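Tertiary structure, described
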Amino acid sequence: MIINFKDAKTYIGTGGKSLDNTKKTLCFLHGSGQNHLSFVQQARFFAYKGYSVIVPDMPAHGFSDGNPCKSIKENAEWINDLLVDLKLNDVVVIGHSQGCLVALELNRILKSSLEALIFVAGSNEIPVNQFLLDLSKEKPQKACQMMVTWGHGIDGDMSINKWPGHSHYGEGNNIMCMNKPTALKYDLHSCNDYSDGIDAAKNIKVPALAVLAKNDQMTPLKSGLKFVELIKNCETHILDCGHFLPSERPMELNSIINSFLSKLK
Amino acid sequence: MSENYKFDTLSLHAGHIPDKETGSRAVPIYQTTSYVFNSTEEAASLYNMEVGGHLYTRISNPTVAALEQRLAALEGGASALACSSGMAAMHLVVSAICSSGDHIVASSKMYGANINLLQHTMPRFGVKTDFVNPNDPEAINRAIKPNTKLVFGEVIGNPGLDIMDVPEIAKICNSKNIPLVLDATFNTPYLMQPFKHGANIIVHSLTKWLGGHGIAIGGAVVNGGNFDWGDKDKFPTISGPHFALGGISFWEEFGPSALIAKIRAEGMYNFGPSLSPTNAFHLMQGIETLPLRMKKHIENTHSILDFLVNHEMVEWVKHPDLETHPDHEVAKRILPKGSGSIVAFGIKGGREAGKAFIESVQLASHLANVGDAKTLLIHPGSTTHSHLSSEAMKEGGLTDDMIRLSVGLEDINDIKKDFERGFKAVKKLNK
Ligand SMILES: Cc1ncc(COP(=O)(O)O)c(C=O)c1O
């Protein structure tokens, strides 16, 4: 659905069903340079399972206009305001990559409480190398291409996909190219500059789930494992794939999230 | 892990890794119509397009999907869909995008069935086409109307071998937000990858060089994922509400793969031109050696061009790699590895000479296909166009002495010897 939010056209994926705030809401937060399309197989799956699903395209991403947020905190405030605007409470927030940092920060600032937090390919910190930071400014399209290649496990190289006929690389590149060219630069700097992750992780009081990827080259497994140690009782799973586990292992991820959700309340 | 494999490697591997259970190195042929659901929930999630997977072979099949993913990788596209023939692929694209009242701009020099579909069949359903010279980007620009929904052409035209200036035409289409759809059968991704030049959708007849062995008919649509379908008024079938699935917009739900999602949900569901898993296997087997074959096709073509150009019995030779071809400069720029292995040539002595030549060669096969590993020949003047006068053939850009040659992979000297046998018969006739 498209709404006018903070004076800008804002797109929110709802998994093919209309938003119903009487149902439990799952809020998916996309990663750096991504948009709602990186969660297509989660959004539709959970919308059809009876959840209300929102996958906002952050400003300047996907179909959303507006100026890109310039820090993780700004991203979290934007999401917080959006949840208030949509009158959504007790949401389960599911972040992927940068979306995990935003979820951590959101949990700190949120006025109303969150129901649970789910971290997909997440960590408390996502340092970005200088080469990629520079490239995202000078040649964002090239930077997208590199991230798509690094981001996928062997299924990317081999064009192996559970979705018949789809190519992780071809699709991933074009999803990133849909964003405004400046979006990636601000995302990567936001990740690189974020340093409150340890505190934020230690502060989590709601149920938490982490699904990490064995061959993650963007948020390495080692970093993810350190991160989950900071969270009290974080249920942790490791899948054999790369960083883009929502599209690389959709069924496994959905099933882990589904059984975690069924244990809430 | 992030190897970014090159073309030759992808030709062999893309779309398949051996499964843990059987270890089968070759892509298994899943010769099945349907797939057991583990639960009603799983069945529903496939019908609702919540997640990817297979439910019925008319819509998708694991062997066919391996082929599709290989093609998507070789073309650098977002997604691909394989179907029963090249013509099915063409029809799937046109019917997914166009509705009654819409307009198409197409090349006037294309394969007969491509022309027929647009000139005679689609108008019955209210979709009209204006045909323009494929090597005149400005003419294409002028032909575009407010209701034009796609521009279509063959990268290398069949049989005239006209070359489209793809980057120039893509610029025009892009500026007017109209998808450029290209039949890339004659070039294959080995010689040229149209998405790199700005095209948006590719259709292939896999029957030809991709399959490469003349054993299976098949086609494919490859979706570049690089087109913005967001204008709901202009592209209601892709970005407007779908008649099923709760009225979703394919563009909003599936973004870069919207077109393929639409074709699967409508074209494959309602028309059903599915590719058999066994044919998908045969076609993939062909693709494994595509780079090797294309290299040899081009090598043999260049050698035979030399032979024909210098032959006393040959009136004229047409191939884009010859300096005499009107599109030679464009060919050099966009097809630097060579512009395919189809050659047209005229034999001194007209229609009768062509007939005598065809009937005297032994090695080259006289038939109506192209792109086989074996050398193929046809003489339109005594076969497909035998009912036309010389004048009528000329109007269609053909001459009655013309032979269409699809250069195969045989030892080049054997092909030349075979042709000498044909020329000898013509000489006898001309005496
Ligand atoms: C350029 C071109 N496109 C499409 C086709 C149709 O392919 P198929 O026979 O696989 O339907 C052909 C067949 O000759 C062709 O030459």
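This structure is a prediction, so every number in the text was calculated from the model and none was measured.

Once that is clear, we can look at the interface of chain B and chain A. Taken together, the contact pairs 43 residues of chain B with 37 residues of chain A. Each partner contributes to the roughly 3,400 Å² buried at the junction of chain B and chain A, and carbon and sulfur atoms together form 57% of this total. Viewed at the interface, chain A and chain B are joined by two salt bridges. Measuring nitrogen to oxygen at the nearest pair gives 3.0 Å for the salt bridge that ties K49(A) to E50(B). Inspection of the chain B/chain A interface yields 18 residue pairs in polar contact (both at pLDDT 80 or more). Listing elements by their share of the side of chain B that touches chain A, those giving two or more residues are helix 1 (7–13), helix 2 (40–47), helix 3 (62–75), strand 1 (79–83) and helix 10 (250–254) of chain B. Of the residues in the side of chain B that touches chain A, the class split is 17 nonpolar, 19 polar and seven charged.

To continue, consider empty space enclosed by the protein. In total, this model carries six cavities of 30 Å³ or more according to the counting rule given. One number sums up the size of the largest cavity: a volume of about 290 Å³. Lining of the largest cavity is provided by 21 residues; of these, L37(A), V40(A), E171(A), I175(A) and S247(A) occupy positions nearest its centre. At the level of secondary structure, the elements contributing two or more residues to the lining of the largest cavity comprise helix 1 (40–47), helix 7 (168–177) and helix 11 (245–248) of chain A together with helix 10 of chain B. With five residues, the single largest contributor to the lining of the largest cavity is helix 7 of chain A. The class makeup of the residues in the lining of the largest cavity is nine nonpolar, 10 polar and two charged. What the second largest cavity holds in volume is close to 80 Å³. Together, L29(A), H30(A), G31(A), M58(A), P59(A), H61(A), C69(A), N75(A), Q98(A), V102(A) and D187(A) line the second largest cavity. Classifying every residue of the lining of the second largest cavity gives five nonpolar, five polar and one charged.

With that settled, consider the pattern of salt bridges. Residues and elements named next belong to chain A. Tallying each qualifying case throughout the model produces 23 salt bridges over all chains. The partner of E235 in a salt bridge is K263, with the nearest N and O atoms 3.0 Å apart. Note that E235 is positioned in strand 8 (residues 234–239) and K263 in helix 12 (residues 250–263), a separation of 28 residues in sequence. Residue E235 is classed as partly exposed on the basis of its relative accessible area of 23%.

Residues and elements named next belong to chain B. The environment of the ligand is made up of 14 residues, and the closest members are G86, D183, S205, T207 and K208. In the model, an oxygen atom of the ligand is placed 2.8 Å from a nitrogen or oxygen of the G86 main chain. Contact with the protein chains covers 91% of the free accessible surface of the ligand, which is 390 Å². Taken together, the residues of the shell around the ligand break down into three nonpolar, eight polar and three charged.

Moving on: the packing of helix 15 (residues 350–360) of chain B against helix 17 (residues 412–430) of chain B. All names here are of chain B. Two elements in contact, helix 15 and helix 17, have axes separated by 8 Å at closest approach and are oriented at 140°. One way to sum up the angle between helix 15 and helix 17 is to call them oblique. The crossing of helix 15 and helix 17 is right-handed. Residue-level inspection shows E352, A353, A356, F357 and S360 of helix 15 in contact with helix 17, the latter providing F419, R421, G422, F423, A425, V426 and L429. Of the residues that constitute the contact of helix 15 with helix 17, the class distribution is eight nonpolar, two polar and two charged.

A few words on a nonpolar patch on the surface. A surface patch of nonpolar side chains, amounting to about 270 Å² of accessible area, comprises F37(B), Y47(B) and Y269(B). The partly exposed category is assigned to Y47(B), whose relative accessible area is 44%.

Here we take up the confidence of the model for chain B. Chain-level pLDDT for chain B is 96 on average; 99% of the residues reach the 70-or-more range. Predicted complex, confidence summary: ipTM 0.96, pTM 0.97.

Residues and elements named next belong to chain B. Within helix 2, the full set of buried residues consists of A43, S45 and L46. For helix 2, the arc enclosing every buried residue in end-on projection is 165°, short of the 170-degree limit, so these residues lie on one face. Directly after helix 2, the chain includes M49, whose backbone phi takes a positive value near 55°.

Residue and element names in this part refer to chain B. Looking at the assigned domains, one finds that chain B contains domain 1 (7–286) and domain 2 (291–430). The gap between the C-alpha centroids of domain 1 and domain 2 is 30 Å. At the junction of the two partners, domain 1 supplies 31 residues and domain 2 supplies 34 residues. When the two sides are added together, the surface that domain 1 and domain 2 hide from each other amounts to roughly 2,500 Å², 63% of it contributed by carbon and sulfur. For the pair domain 1 and domain 2, the number of links is one salt bridge. Linking D165 and R333 is a salt bridge whose minimum nitrogen-to-oxygen distance equals 2.9 Å. Taken together, the connections running from domain 1 to domain 2 amount to 12 residue pairs in polar contact (both at pLDDT 80 or more). Looking at the side of domain 1 that touches domain 2, the elements with two or more residues in it are helix 1, helix 7 (166–175) and helix 8 (188–191). Residue composition of the side of domain 1 that touches domain 2, by class: 14 nonpolar, 13 polar and four charged.

Before going further, it helps to spend a moment on the packing of aromatic side chains. Residues and elements named next belong to chain A. Scanning the entire structure with this criterion turns up 20 aromatic pairs over all chains. The interplanar angle of 50° and the centroid separation of 4.9 Å between the aromatic rings of F28 and F39 together place this pair among those described as tilted. Placement of the pair is F28 in strand 3 (residues 25–29) and F39 in the loop between strand 3 and helix 1, with a sequence separation of 11 residues. Just as F28 is buried, F39 falls in that class too. Between F119 and F227, the aromatic rings sit 5.0 Å apart at their centres with planes inclined by 85°, giving edge-to-face as the arrangement. Of the two residues, F119 is situated in strand 6 (residues 116–120) and F227 in helix 10 (residues 221–230); the sequence distance between them amounts to 108 residues.

Residues and elements named next belong to chain A. Counted residue by residue, strand 3 has five buried out of five residues, so it is predominantly covered. Alternating positions in strand 3 separate into two faces, T25, C27 and L29 on one and L26 and F28 on the other, with burial throughout. Note: strand 3 against strand 4 (residues 52–56), three bridges, orientation parallel. Directly across from C27, in strand 4, lies its bridge partner I54.

Rules used in this analysis
Note on numbering: residues in each chain are counted from 1, in written sequence order. Working convention: letters from A go to chains and numbers from 1 go to ligands, in the order in which they are written. In keeping with the predicted nature of the model, local features appear solely for residues at pLDDT of at least 70, side-chain atom pairs appear and are counted solely at 80 or more, and the whole-chain, interface and lining totals rest on all residues. Note: side-chain values were computed over all heavy atoms of the structure, leaving out hydrogens and water. Residue contacts are counted whenever heavy atoms from the two residues lie within 4.5 Å of one another. The quantity reported as buried area is the accessible area (1.4 Å probe) lost by two parts once they are put together, taken as the sum for both. By definition here, a salt bridge exists when the distance from a side-chain nitrogen of Lys or Arg to a carboxyl oxygen of Asp or Glu is within 4 Å. Polar contacts here mean pairs of N or O atoms no more than 3.5 Å apart (in protein, one a potential hydrogen donor and the other a potential acceptor; neighbouring residues in sequence count only if both atoms are side-chain atoms). A run of DSSP states H or I qualifies as a helix once it reaches four residues; a run of E qualifies as a strand once it reaches two. Both are numbered from the N-terminal end. Note on residue categories: nonpolar means Ala, Val, Leu, Ile, Met, Phe, Trp, Tyr, Cys or Pro, charged means Asp, Glu, Lys or Arg, and polar means any other residue, Gly included. Points on a 1 Å grid over protein atoms alone make up a cavity when a 1.4 Å probe fits among them but cannot get out, and a pocket when they form an open set with protein on both sides within 12 Å along at least five of seven lines; lining residues each have an atom within 4 Å of a point. Grid points are joined across faces, edges and corners, and a volume is the space filled by probe spheres set on the points. Note on classification: 1.4 Å probe, protein chains only; a residue is buried when its accessible area is under 20% of the maximum for its type, exposed when over 50%, partly exposed between these limits. A cutoff of 4 Å decides nearness: a residue is near a molecule or strand if any of its heavy atoms lies inside that distance of it. Computed with a 1.4 Å probe, the accessible areas rest on the Shrake-Rupley method; for each residue, only the protein chains presented here act as cover. Throughout, an axis means a line fitted to C-alpha atoms (over the contacting stretch in the case of helices), and angles, computed between N-to-C directions, take values from 0 to 180 degrees. By definition in this entry, angles of less than 35 degrees are roughly parallel, angles greater than 145 are roughly antiparallel, angles of 65 to 115 are roughly perpendicular, and the rest are oblique. For any helix crossing, the convention is left-handed if the near helix is rotated counterclockwise from the far helix by under a right angle, and right-handed if that rotation is clockwise. Surface patches are defined over residues having more than 30% relative accessible area and no salt bridge, joining like charges when they lie within 9 Å and nonpolar side chains (Val, Leu, Ile, Met, Phe, Trp, Tyr) when within 5 Å. Per-residue confidence from the predictor is reported as pLDDT, a score between 0 and 100. Directions pointing from the helix axis toward each C-beta atom define the arc. An automatic or database domain assignment is the source of the domain bounds shown. Pairing of aromatic rings covers Phe, Tyr and Trp, the last through its six-membered ring, and needs centres within 6.5 Å; plane angles under 30 degrees mean stacked, over 60 mean edge-to-face, and all others mean tilted. Pairing between strands is defined by DSSP: at least two bridges between the two strands are required.

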